[in-house]
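Take a look at the letters that make up each chain.
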Amino acid sequence: MMAVLSCLSVVLLFYIVCVKTVLSEKVPAPENVRAISLNMGLVLKWDPPQSTTNKLFNYTAEMKGWSKYETVCLSSSSLSCDFTDKVAIFGTYQLRVQAEVHGESSDWVETEELSVDLKTVISAPHVELRSRKGQTEVDITDPPMKRKNLRDVFGNISYLIRFWKKGETKKEEIRREQNRVMLPRLEPLVNYCVEVEILYLKNRSQTSNMTCLMNTPSDKVEPHVIIVVLLVSCLVVLVTVVLIFLAVWYGYKGCKIMFPDTDLPEDLKKFLSQRPQSSIPSTMQESTPVREHFCELRILHKEPNSFQDNQQIEGPIGIQTHKHECCIGADVKKNSEKKTEMINITTEQKLLLAERD
C-alpha cells in the first residue's frame, strides 16, 4: 500500500513539473494591434511578439459582426489583414488576432468595436490651379474611395480652401461646397499658393500639397474709362444720326428740284419747243465770227472870240459823222466818202450850250 502511494506521488509531481514547463513556454501574443481605416477601407495591423528565441510566427485574424467571429486571415505570416471586402460602410465590427508557432497559439488580442464611416480617414484631395484674366480657379478632385463614392457615403461635403501670397504667413480661408472655386480678391501678377481640406461629418481629410501659381493680368476696365467710352459712343451716334438726316433731307430736296411735282404751263412748253426766230442765236451757232458794224460821230465846237462869233454860235452846230460802213439794222452799201450832216438844235439847247460856255 505504501508503495502504491509513493508511485502516485511521483506521477503527480511529474505532471505538475510538466504543466509548469508548458505554461512557461506558452506562445506570446502580437503587440501594438491597431485597426486602420483609410478611404472607407479597413485593415488590422500588428507588431510581432517579443521573444528571446528567433521563431517565425504565423497569425490568424478574425472579425465579428452581428453574432460571431469569422476568420479572414488564417495562419498568415503577414503583419496585417485587410477586412475591406468583408465590411459594410455603416456596420459596427470588432477585430482580433493571435500568433501561432509549431501548432501552438497565443491568446487573442481584440480591438474595440468600430464603425467604418466614423473610423475612416479621407486622404488629401487633388488640387489644380488655373488662372485667366486676373482670376485664379481652384479645381478639386476627391480622392478615390475603396467602397462607393465619397459623396454617396457622406452626402453633402464641403471644402476648406486656404490661400496666401507666396512668401507670406498670413492665410485666408473660404469654405465652399463646389469642387470648382474662383478665389476672391486676388491681385494681378502675384504668385499665390493654395491648400485644401475636405470637411465631412465632424472630421477633416488630410491636407493637400501646397500648389502655387502666378495670377494673370486683370482685364477689368476702370470706371472712368467706361464713362469716357460711353460718352464718345453717344456723341458718335448723335453725329451719325444728324449726318444721315441731313443727307436724306438734301437728297429729298434735290429730287424735288430735279423732278418737280407740278407741270410747266402749256404756253411755256410750246415756247420752249419752238425753234428760235432771232438772228442772234443763229449767229451764235455759226462757226465764223460776225463782223461788227459801227458809226463814227464827231462834234465840232469853236470858242467865240468876238461878238460876231457869239452871234454865229447861235446858229446851228455842225456834227460830222463818218460812216465807213452802214449801221446795224440798216441795209445800205459801204461808202468810203465822208458825209457831213447838220443837226438842228432847238433854241433851248442853244441857250444851255451858251450858259455852259
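Residues numbered from 1 in each chain as written. Predicted model: local features only at pLDDT ≥ 70, side-chain atom pairs only at ≥ 80, totals over all residues. Heavy atoms only, no water.

Chemist: Tell me about the UniProt feature "transmembrane region" (unreviewed entry) in the chain, residues and numbers included.
Modeler: Per the UniProt entry, the sites bearing "transmembrane region" (unreviewed entry) are residues 225-250 in this numbering. Secondary structure across residues 225-250 divides into 100% helix and 0% strand, with the first and last C-alpha atoms of the span separated by 37 Å. (UniProt positions renumbered as here; feature names shortened; annotations may be inferred. Helix = DSSP H or I, 4+ residues; strand = E, 2+ residues; numbered from the N terminus.)

Chemist: So what's going on with the pairing of strand β11 (residues 135-141)? Which residues, and what values?
Modeler: As judged from the 7 bridges shared by strand β10 (residues 126-132) and β11, these two strands associate in the antiparallel manner. Within β11, the position partnered with Arg130 by the bridge is Glu137. If you look at the hairpin formed by β10 and β11, you'll find 2 residues sitting between the two strands, and Lys133 has a positive phi there, around 55°. The sheet contact formed by β11 and strand β14 (residues 180-182) spans 3 bridges and is antiparallel. Among the inter-strand pairings, Asp139 is bridged to a residue of β14, identified as Arg180. (Pairing = 2+ DSSP bridges.)

Chemist: Let's hear about the side chain of Glu197: which residues, and what values?
Modeler: Position of Glu197 among the secondary structure elements: in strand β15 (residues 191-200). At a separation of 3.4 Å, a polar atom in the side chain of Glu197 contacts the side chain of Arg204. (Polar contact = N/O pair within 3.5 Å; in protein donor to acceptor, adjacent residues only side chain to side chain.)

Chemist: Talk me through the environment of Lys202; I want residue IDs and the actual numbers.
Modeler: Mapped onto the secondary structure, Lys202 falls in the loop between β15 and β16 (203-204). The exposure class of Lys202 is exposed, given its relative accessible area of 84%. Lys202 sits 84 residues away from Leu118 along the chain, and the two C-alpha atoms are 9.3 Å apart. (Buried < 20%, exposed > 50% of the residue type's maximum accessible area, 1.4 Å probe, protein only.)

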